[in-house]
Amino acid sequence: EFAASVMNERGDDENGPPDFALSRVDAAGAAVAAAARGHHSVLAALLDAGLDADAVDERGVHVLTAAAGGGREDAELPEARKRETETRRSSRACVRTLLAAGADADARTSRLGWKPLMAAAKAGDGEIVEMLIDAGARVDQTYHNGKTPLYCAAEWGRLEAARALLRRGADV
């Protein structure tokens with residue numbers, strides 16, 4: 001519905017969008033912003049409107065990396081913990097949707113070395129870690145500085161993610 005209303009507002013017809021439609025880079029930037037904040041319904045609308053599940057924004061950030069790293073707050077107060085739980089659920093839905101739409105679990109279309117599994121490990125979400133590995137993410141990939149997803153989880157004190165990586169074969 002949202003995507004259809006956007007298309008109607010911009011003047012789409014049977015030939016597609018008019019010349020002033022968002023560029024792929026603008027759409028990718030919008031998708032990365034939505035995914036990073038766990039705005040699942042917006043991300044789904046963008047995908048329904050034709051966004052590539054392997055979209056990369058102007059900074060080189062892959063939409064799946066943004067989704068995998070979203071939803072983390074270092075919450076001390078009960079209200080902040082509740083917000084974190086809701087955002088994590090939304091981030092998981094974003095990751096699930098992107099993978100179902102064919103996103104590459106290792107985000108190879110991004111020129112950056114920071115990958116979805118590293119983002120999920122740093123965020124501490126063991127469920128997203130498992131989803132990405134199930135979709136083919138390499139457990140022992142390394143960032144340009146030599147850090148692995150397990151290192152990222154350990155560095156940020158993310159026990160749930162570290163345990164998930166160890167269960168799935170990360171080298172110690």
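Keep in mind that this is a model prediction, so the values were computed, not measured.

Caption draft 1: Representation of unusual backbone geometry. Phi at Ala107 takes a positive value of approximately 50 degrees, unusual for a residue other than glycine. Structurally, the position occupied by Ala107 is in the loop between helix H5 (78-100) and helix H6 (116-123).

Caption draft 2: Representation of the pattern of salt bridges in the model. Under the criterion given, the structure shown has eleven salt bridges. Where Arg138 meets Asp106, a salt bridge forms, and the shortest distance between an N and an O atom there is 3.1 Å. Of this pair, Arg138 sits in the loop between helix H7 (126-134) and helix H8 (149-155) while Asp106 is found in the loop between H5 and H6, placing the two residues 32 residues apart along the sequence. Put simply, Arg92, Arg96, Asp125 and Glu127 are held in one network by salt bridges that share partners.

Caption draft 3: Region of the structure containing the nonpolar core. In this structure, Leu43, Leu51, Val95, Leu98, Val129, Leu132 and Leu165 are the most contacted members of the largest nonpolar core, which totals 43 residues. Contributing elements (two or more residues each) for this core: helix H2 (24-36), helix H3 (40-48), helix H4 (63-69), H5, H6, H7, H8 and helix H9 (159-167). Setting aside residues no more than four positions away along its own chain, Val95 makes contact with Leu64, Ala67, Ala68, Ile128, Met131 and Leu132.

Caption draft 4: Representation of the packing of aromatic side chains in the model. For the coordinates displayed, the defined rule picks out one aromatic pair. Aromatic pair Trp114 and Tyr143: ring centres 5.4 Å apart, planes at 80 degrees, arrangement edge-to-face. Residue Trp114 is located in the loop between H5 and H6, and its partner Tyr143 is located in the loop between H7 and H8; the two are separated by 29 residues in the primary sequence.

Caption draft 5: Highlighting the packing of H6 against H7. In contact at an axis separation of 8 Å, H6 and H7 are set at 165 degrees when each is read in the N-to-C sense. Classified by the angle between their axes, H6 and H7 sit roughly antiparallel to one another. Here the hand of the crossing between H6 and H7 comes out left-handed. Counting all contacts with H6, which are made through Pro116, Leu117, Ala120 and Ala121, the residues of H7 involved are Ile128, Val129, Leu132 and Ile133.

Here is what the cut-offs are and how they apply
Residues numbered from 1 in each chain as written. Predicted model: local features only at pLDDT ≥ 70, side-chain atom pairs only at ≥ 80, totals over all residues. Heavy atoms only, no water. Helix = DSSP H or I, 4+ residues; strand = E, 2+ residues; numbered from the N terminus. Salt bridge = Lys/Arg side-chain N within 4 Å of Asp/Glu carboxyl O. Core = buried A, V, L, I, M, F, W, Y, C linked by side-chain atoms within 4.5 Å. Buried < 20%, exposed > 50% of the residue type's maximum accessible area, 1.4 Å probe, protein only. Contact = heavy atoms within 4.5 Å. Phe/Tyr/Trp six-rings, centres within 6.5 Å; stacked < 30°, edge-to-face > 60°. Axes fitted to C-alpha atoms, helices over the stretch in contact; angles between N-to-C directions. Parallel < 35°, antiparallel > 145°, perpendicular 65-115°, else oblique. Left-handed = near helix turned anticlockwise from the far one by under 90°.

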